[in-house]
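Structural features, examined
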Amino acid sequence: MSDSSVDNGKRTWLIASGCAGAVGVGFTAVPFVSSFQPSERARAAGAAVEVDIGGLKAGEKITVEWRGKPVWIVKRTPEQLATLPKLDGQLADPKSQRKPDELTPEYARNEHRSIKPEILVAVGICSHLGCSPSDKFQAGPQPSLPDDWQGGFLCPCHGSTFDLAGRVFKNKPAPDNLEVPPHTYLSDTRLLIGEDKKA
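Residues numbered from 1 in each chain as written. Predicted model: local features only at pLDDT ≥ 70, side-chain atom pairs only at ≥ 80, totals over all residues. Heavy atoms only, no water.

Attention now goes to the overall build of the protein. Along the backbone of the protein there are four helices and nine strands. Shown N-terminal to C-terminal, the secondary structure of the protein runs as helices and strands in the order α-α-β-β-β-α-α-β-β-β-β-β-β. Across the 199 residues in the protein, those meeting the buried criterion constitute 36%. In the protein, of all internal contacts separated by at least 6 residues, the share reaching a separation of at least 24 is 53%. As displayed, the protein has an accessible area near 11300 Å², and 56% of this comes from carbon and sulfur atoms. (Helix = DSSP H or I, 4+ residues; strand = E, 2+ residues; numbered from the N terminus. Buried < 20%, exposed > 50% of the residue type's maximum accessible area, 1.4 Å probe, protein only. Contact = heavy atoms within 4.5 Å. Areas by Shrake-Rupley, 256 points an atom, 1.4 Å probe, with all protein chains shown as cover.)

Written out as structure tokens, the structure reads:
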């Protein structure tokens, strides 16, 4: 056997080993890199949720899940927005001053409790015992609602009512307004729930 054949054999073995090692590193790297992404458990614990609201029409609501809770996104009509200031005297916390750091981010401490007046983003869980209120968007007299009802939400468990800004009416079992989660707009039609500009 000549020296050149030994060198070629070693070279072939080294190249083959190197290629096999590179493939192995590639297969190992994919799960390793994937491990940096949030797990299902981490997402459930609070990872932000991106929502496309481009198809949401005035008077409609969609529900998404964030931290295991239903989050409502409601596009209010101009007529619905116009009723909000008229209800202040009937509400327990019209200016969202109770527990503001827990329930209402600073950018939503306004009459409509939102960044954009027409879009309400609220956690759909009653502050009384954790039931999920029902939509009662139609104005006017209805069972379990006052005759001058302007639209909002009714908790069927114990009768708490909320206006279309998620503010609770006076003398109801629910002690507080619905929570407004941290959120921000990525564009006119993309909403990120769970993070805001402070995060």
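Picking up after the structure, the text goes on.
With that settled, the discussion passes to the sheet that holds strand β8 (residues 183-185). Reading across the sheet, the three strands line up as β1-β9-β8 and stay open at both edges, with antiparallel pairing between neighbours. Of all strands in the sheet, those with a lone pairing partner are β1 (49-52) and β8, marking the two edges. For this sheet, the mean angle separating the axes of adjacent strands, direction not counted, is 20 degrees. (Pairing = 2+ DSSP bridges. Axes fitted to C-alpha atoms, helices over the stretch in contact; angles between N-to-C directions.)

Moving on to the nonpolar core. Counting residues in hydrophobic clusters, the biggest one holds 16 residues, and the most contacted among them are Val74, Phe153 and Phe162. Contributing elements (two or more residues each) for this core: β3 (69-75) and β4 (119-123). Formed by 13 residues, the second largest nonpolar core is a distinct cluster that contains Val64, Ile73, Ile119 and Val123. (Core = buried A, V, L, I, M, F, W, Y, C linked by side-chain atoms within 4.5 Å.)

Moving on, we get to the pairing of strand β2 (residues 61-66). Here β2 runs beside β3; their pairing, made up of six bridges, is antiparallel. Residue Val64 lies in a different strand from β3, and its bridge partner there is Val71.

Residues with a pLDDT of 70 or more make up 76% of the protein, whose mean pLDDT is 83. Model confidence for the protein, summarised as mean pLDDT per element, is weakest for helix α2 (residues 40-46) at 54 and strongest for β4 at 96. (pLDDT = per-residue confidence, 0-100.)

A separate point is the pattern of salt bridges. Here the idea is simple: oppositely charged side chains can pair when their charged atoms come close. Counted by the stated rule, this structure contains twelve salt bridges. A salt bridge links Glu111 to Lys95, with the shortest nitrogen-to-oxygen separation between them at 3.7 Å. Separated by 16 residues along the polypeptide, Glu111 in the loop between α4 (100-103) and β4 and Lys95 in the loop between α3 (78-83) and α4 bring together distant segments of the chain. Look at Glu111 and you get partly exposed, because its relative accessible area is 23%. When its relative accessible area of 46% is taken as the criterion, Lys95 is described as partly exposed. The closest approach of N and O atoms between Asp188 and Lys116, which form a salt bridge, is 3.7 Å. (Salt bridge = Lys/Arg side-chain N within 4 Å of Asp/Glu carboxyl O.)

A few words now on the sheet that holds β3. Strand order across the open sheet formed by three strands is β2-β3-β4, with antiparallel pairing between neighbours. Bordering the open sheet on either side are β2 and β4, each of which pairs with just one other strand. Looking at each pair of strands side by side, their axes are set apart by 20 degrees on average, direction ignored. Here β3 runs beside β4; their pairing, made up of five bridges, is antiparallel. By the bridge assignment, Lys75 is partnered in β4 with Ile119.

Our focus in this paragraph is the pairing of β4. Regular strands place side chains that alternate from one sheet face to the opposite one. Counting buried positions over the five residues of β4 gives five, a clear majority of the element. Of the two faces of β4, both are covered, the one formed by Ile119, Val121 and Val123 as well as the one formed by Leu120 and Ala122.

Our next topic: the environment of His183. Positionally, His183 belongs in strand β8. Assessed through its relative accessible area of 2%, His183 is described here as buried. With 76 residues separating them in the primary sequence, His183 and Tyr107 have C-alpha atoms 9.7 Å apart. What His183 contacts, discounting residues up to four positions off in sequence, is Tyr107, Ile115, Val121, Leu191, Leu192, Ile193, Gly194, Glu195 and Asp196.

On to the packing of aromatic side chains, then. All told, the structure shown has three aromatic pairs when counted by the stated rule. Residues Trp72 and Phe153 carry aromatic rings whose centres are separated by 4.5 Å and whose planes lie at 25 degrees to one another, so their mutual orientation is stacked. Within this pair, whereas Trp72 is found in strand β3, its partner Phe153 is found in strand β6 (residues 152-154), the two being separated by 81 residues in sequence. Accessibility classification places Trp72 together with Phe153 in one group, the buried group. Taken together, a centroid distance of 5.8 Å and an interplanar angle of 40 degrees make the contact between Trp149 and Phe169 tilted. Of the two residues, Trp149 is situated in the loop between β5 (134-136) and β6 and Phe169 in the loop between β7 (161-163) and β8; the sequence distance between them amounts to 20 residues. Given the relative accessible area of 9%, Phe169 is considered buried. Above the ring of Tyr185, the side-chain terminus of Lys116 is found at 4.3 Å from the ring centroid. (Phe/Tyr/Trp six-rings, centres within 6.5 Å; stacked < 30°, edge-to-face > 60°. Lys NZ or Arg CZ within 6 Å of the ring centre and 35° of its normal.)

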